[in-house]
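Close look at the chain arrangement
Read off the chains here:
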Amino acid sequence: MLLGTLMKLPSLLETLAAILPADGLKTTPEAMRPYECDGLSMYRALPKCVALPETEDELVAVLKACHAARVPVVTRGAGTGLSGGAMPDPEAVLLSTARLMRIIEIDADACLARVQPGVRNLAISEAAAAHGLYYAPDPSSQIACTIGGNVAENSGGVHCLKYGLTVHNVRAVRVALIDGSVVTLGCEGLDAPGYDLLALMTGSEGLLGVVTEVTVKLTPKPRLAQVALASFPTVEAAGAAVGRIIAAGIVPAGLEMMDRIATRAVEDFVHAGYDCEAAAILLCESDGTPEEVADEMARVEAVLREAGASDVRLSTSEAERLRYWSGRKNAFPATGRISPDYYCMDGTIPRKELPRVLKAIEAMSEKYGLRCANVFHAGDGNLHPLIMFDANRPGELERAEAFGAEILELCVEVGGTITGEHGVGIEKINQMCVQFSPKELTRMHEIKRAFDEHGLLNPGKAVPTLHRCAEHGRMRVSQGKPMPFAELERF
């Protein structure tokens, strides 16, 4: 695919300058430096320019200009993503939606909110609080991440077990396609006629269109929430306890796990009140009416003790509950305090495989000579191993990458996936060759071409070409056996 460059198209810069506000086009290296990476800071690049529209009309005009010039576009929200999905392409315009940050409507009767893509996740709940409502998906970065980015990555959070991911809490999206046409996918009801293109767009990582407006479902705030903090003598016992809770017919509002390395890092940082001598801790939350919470917490405590918990503490106040959760939500920055660099992985496995995978990660840590703090959305099997390294030491970055790749490929081997909520971006693109067959990847490229014929939106991300799979020697795992790619098509 031959793409024109902005260096050859000065007229495009002039067109963009005419479209955007006075300070809406950044072209100098100094002005573009803040956009050189997202939360995956291991990889960096400068775009040709940064466009910052303030309205949907401006955003559409930027897309039309780039489409006409056949110049690629990488869309960026707050830049909190952790898979390199918003990393610039040096040949592309970086299109920021950060200035489209208006809450258009809160419909309390319908429990809906219409917002622009640059609205922060937490700001939706803050705006809805006066009506006794909130937006349930709560990524750890919710104070900064935007709803447009949440849609692009299908973000989750610590309460996704009960309340679902972004895809379960979005009713409709308004999307600008690369040619500038604008479509609405979904509707305010529970279902829309035709193919479920809303689900297709959610989690598509900027490859199919640019979100300009989102209609989200709001959830009534529960009357009470209480969390159980359980300590376990082994990581395997904590992992097994997760399965026992679900098997008992309990669906907690949140069910999170942290190992000793993670809890000690967190305790030094936020003083959450964790047991730092435990090999692992579980946080299990119940919410609802006081009667519902009391009944569920009694059942949870019984299961935890039967599963081998050495201690179980129930939060006795809202302040204590929030303090327990503050530790989990600050696990990433806490790790950053004790290591020069860290690599946050994101894979998902069947819950029953938690003990096996945790033991394997421990062995990998010894193999690569790198510490690893384990943090999990344990209820839905979403793992976030934090691999610690020092990029200034020769070979450590490469070992961290190899460590992470081995974790992801183990996730596939045990019947899981290479991502739960962070997306593929550039980080996991090689493991896509392990997750999917050549035929499946070909179908993904066909879907991409149906929306973006010339491959201009976020090129080189999320879905690898089959040629790339062959070049990197990746192989699909099928029923525990490696299956080599054959008869590979070049894209």
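1. Let's talk about the overall build of the protein
A count of helices and strands for the protein gives 18 helices and 21 strands. A compact globule built from 491 residues should have a C-alpha radius of gyration of about 23 Å, and the protein, at 23 Å, falls within 12% of that. On the principal axes, the C-alpha backbone points of the protein span a range of 70 × 55 × 45 Å. Evaluated residue by residue, the protein yields a buried proportion of 54% over its 491 residues. Counted over contacts in the protein with a minimum sequence separation of 6, partners at least 24 positions apart contribute 71%. Just so you have it, the protein exposes about 20,200 Å², and 53% of that area is on carbon and sulfur atoms. Each charge sign in the protein was given a centre, from 48 positive and 63 negative side chains, and these centres are 2 Å apart.

2. Here we look at the sheet that holds strand S4 (residues 93-96)
Spatially, S1-S2-S4-S3 is the arrangement adopted by the four strands of the open sheet, whose pairing is mixed. Strands with a single pairing partner mark the edges of an open sheet, and in this sheet they are strand S1 (25-26) and strand S3 (73-76). Summarising the sheet, S3 and S4 pair through four bridges and their orientation is parallel. The residue bridging Val74 from the neighbouring strand is Leu94, located in S4. Set on the sheet, helix H3 (residues 56-69) makes contact with strand S2 (49-51), S3 and S4; between it and S4 the angle comes to about 165°.

3. Points about the environment of His384
With respect to the helices and strands, the residue His384 is situated in strand S19 (residues 382-389). Among the residues examined, His384 registers a relative accessible area of 1% and is labelled buried. Separated by 41 residues in the primary sequence, His384 and Tyr343 place their C-alpha atoms 9.6 Å from one another. Residues contacting His384, with those up to four places away along its chain left out, are Arg328, Phe332, Cys344, Met345, Asp346, Ala373, Asn374, Val375, Phe376, His377, Glu421 and His422. At 3.1 Å, the side chain of His384 forms a polar contact with the backbone oxygen of Met345. A polar side-chain atom of His384 sits 2.8 Å from a polar atom in the side chain of Glu421.

4. Some remarks on the packing of helix H9 (residues 235-247) against helix H14 (residues 354-368)
Where H9 meets H14, the closest approach of the two axes is 8 Å, and the angle between their N-to-C directions is 150°. As summarised for this structure, H9 and H14 are arranged roughly antiparallel, according to the angle between their axes. Crossing hand, H9 versus H14: right-handed. Of H14, the residues touching H9 (which contributes Val235, Glu236, Gly239, Ala240 and Val242) are Leu354, Pro355, Leu358, Lys359 and Glu362. Classifying every residue of the contact of H9 with H14 gives six nonpolar, one polar and three charged.

5. Overview of the state of the cysteines
Throughout the structure, instances matching the rule amount to one disulfide. Residue Cys433 pairs covalently with Cys469 via a disulfide, S to S 2.0 Å. Taking the torsion about the sulfur-sulfur bond, which here is approximately -80°, the covalent link between Cys433 and Cys469 counts as left-handed. Linking Cys433 in helix H16 (residues 432-435) with Cys469 in helix H18 (residues 466-471), this pair joins segments that are 36 residues apart in sequence. The residues Cys433 and Cys469 share a single accessibility class, namely buried.

6. With respect to the sheet that holds strand S5 (residues 103-107)
What links the strands of a sheet is backbone hydrogen bonding, and the strands pair in either a parallel or an antiparallel sense. Spatially, S5-S6-S10-S8-S9 is the arrangement adopted by the five strands of the open sheet, whose pairing is antiparallel. Looking at strand neighbours, the two that pair on one side only are S5 and strand S9 (182-186), the edges of this open sheet. The mean angle between the axes of side-by-side strands here comes to 15°, regardless of whether they run parallel or antiparallel. Here strand S8 (residues 170-176) runs beside strand S10 (residues 210-217); their pairing, made up of six bridges, is antiparallel.

7. Describing helix H15 (residues 396-413)
Here H15 spans 26 Å end to end across 18 residues, near enough to the 26 Å set by a 1.5 Å rise per residue. Every buried residue of H15 is listed here: Glu396, Ala400, Phe403, Gly404, Ala405, Ile407, Leu408, Leu410, Cys411 and Val412. Count one or two residues on from H15 and you reach Gly415, which has phi positive near 100°.

8. Describing the pairing of strand S12 (residues 224-232)
Along S12, eight of the nine residues are buried, which leaves the element largely enclosed by surrounding structure. Sheet topology places S12 next to strand S14 (residues 280-288); nine bridges connect them, and they run antiparallel. When the sheet's bridge partners are listed, Ala225 is paired in S14 with Asp287. Bridge count between S12 and strand S15 (residues 311-314): four bridges; the pairing is antiparallel. Note that in S15 the partner of Leu229 across the bridge is Arg313.

9. Some details on the packing of helix H10 (residues 260-270) against helix H13 (residues 331-338)
A pair of packed helices is captured by two measures, namely the crossing angle of their axes and the spacing between those axes. It is at 8 Å that the axes of H10 and H13 come closest, and there the two elements cross at 90°. Relative to H13, the element H10 is oriented roughly perpendicular. Contacts between H10 and H13 involve Ala265, Val266, Asp268 and Phe269 from the first element and Ala331, Pro333, Ala334, Arg337 and Ile338 from the second. A class-by-class count of the residues in the contact of H10 with H13 yields seven nonpolar, no polar and two charged.

The rules behind these values
Residues numbered from 1 in each chain as written. Predicted model: local features only at pLDDT ≥ 70, side-chain atom pairs only at ≥ 80, totals over all residues. Heavy atoms only, no water. Helix = DSSP H or I, 4+ residues; strand = E, 2+ residues; numbered from the N terminus. Rg over C-alpha atoms; globule rule 2.2 N^0.38 Å. Buried < 20%, exposed > 50% of the residue type's maximum accessible area, 1.4 Å probe, protein only. Contact = heavy atoms within 4.5 Å. Areas by Shrake-Rupley, 256 points an atom, 1.4 Å probe, with all protein chains shown as cover. Lys, Arg positive; Asp, Glu negative; His and termini not counted. Charge placed at Lys NZ, Arg CZ, Asp CG, Glu CD. Pairing = 2+ DSSP bridges. Axes fitted to C-alpha atoms, helices over the stretch in contact; angles between N-to-C directions. Polar contact = N/O pair within 3.5 Å; in protein donor to acceptor, adjacent residues only side chain to side chain. Parallel < 35°, antiparallel > 145°, perpendicular 65-115°, else oblique. Left-handed = near helix turned anticlockwise from the far one by under 90°. Nonpolar A, V, L, I, M, F, W, Y, C, P; charged D, E, K, R; others polar. Disulfide = S-S within 2.5 Å. Expected span 1.5 Å × (residues − 1).

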